[in-house]
Amino acid sequence: MNRRVILALDVKTGEEAFSLLAPFEAHKPFVKVGMELFYAEGPDIVRRLQDAGYPVFLDLKLHDIPHTVEQAMRRLSTLGVAMTNVHASGGKAMMQAAREGFGDGTLIAVTQLTSTSEEVMQKELLIERPLPDVVDAYAALAQEAGLDGVVCSPLESPRVHEKLGDSFLTVTPGIRFADGPTHDQKRVTTPAKARELQSSMIVIGRAVTAADDPVSAYERAVREFEEGV
Ligand code: C5P
């Protein structure tokens, strides 16, 4: 399996994105473009990043009726992004429609947002089952719908791989170095631990971007996660 570190571009403008990436010119990291940057700059930011040699995970978490998601995915597929995603809670038909629209590219599903606690899920969303069961069921549904993997916590990766196989991707945020700050993330995992827990890809933001030396921090994440040293 091709383990990859993905750098989260949590910035407001294309200018900020490119100035953040300037020191990484030699590395050309896999980058994550989320809603904030995409809604500010539009599809052009994806084209500009890809033209500059950065593979893009477009993290837009689509969730709508199947027809709308299929048509939206057709538009996104023309951008040629390396990976994009939907919410599994849109259901199997919506995920199948997403696959139909997006074509063969890497398509993954969010199971439950890590900001949704079991209490919120049960009391507000009226999903009465335990959270790990819901994550398992949504991941299995994503696989049945023909998706390539899920976004989940590194702590959930072993269960997902055990049930759905090694090649079903687990893309995991919440990554911090053992000796660094945790910021607002509640449950964090080091890149080395994420590797041990069989994460397929880690999404890392502030542990790199807010470090004194972001390039060294990125290189450390690659060493720990991709190379296991
Ligand atoms: O700075 P930090 O490493 O916490 O950033 C993590 C990135 O992963 C952010 O873009 C955040 O929105 C995203 N993310 C997350 N937890 C999830 C899903 C996405 O932290 N469950």
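One can find the structure itself at the top, above this paragraph.
What you see is a predicted model, and the numbers here were worked out from it, not measured in a lab.

A. Representation of the sheet that holds strand E3 (residues 56–62) within the structure. Read once around its circumference, the closed barrel built from eight strands follows the order E1-E2-E3-E4-E5-E6-E7-E8, with strand pairing classed as parallel. Across this sheet, the average inter-strand angle for adjacent strands is 25°, counted without regard to direction. Sheet analysis places strand E4 (residues 83–87) next to strand E5 (residues 106–110), joined by five bridges and oriented parallel. When the bridges of E5 are listed, Val86 appears paired with Ala109. The strands touched by helix H4 (residues 66–77) within the sheet are E3, E4 and E5, with E3 carrying the most contacts at an inclination of about 165°. Along the sheet face, helix H11 (residues 214–227) touches strand E1 (4–8) and strand E8 (201–204) and points at about 145° away from the line of E1.

B. Main features of the pairing of E4. The buried fraction of E4 is high, at five of five residues. Here E4 shows no split at all, with Met83, Asn85 and His87 on one side and Thr84 and Val86 on the other all buried. Pairing of E3 with E4, which is carried by three bridges, proceeds in the parallel orientation. Note on E4: the bridge partner recorded for Phe57 is Met83. A crossover connection joins E3 to the parallel E4 through H4; in handedness this β-α-β unit is right-handed. For the segment spanning E4, helix H5 (residues 92–102) and E5, crossover handedness is right-handed.

Criteria and cut-off values
Residues numbered from 1 in each chain as written. Predicted model: local features only at pLDDT ≥ 70, side-chain atom pairs only at ≥ 80, totals over all residues. Heavy atoms only, no water. Pairing = 2+ DSSP bridges. Helix = DSSP H or I, 4+ residues; strand = E, 2+ residues; numbered from the N terminus. Axes fitted to C-alpha atoms, helices over the stretch in contact; angles between N-to-C directions. Contact = heavy atoms within 4.5 Å. Buried < 20%, exposed > 50% of the residue type's maximum accessible area, 1.4 Å probe, protein only. Right-handed = clockwise from strand over helix to strand, strands pointing away.

Shape descriptors only; they carry no functional weight alone.
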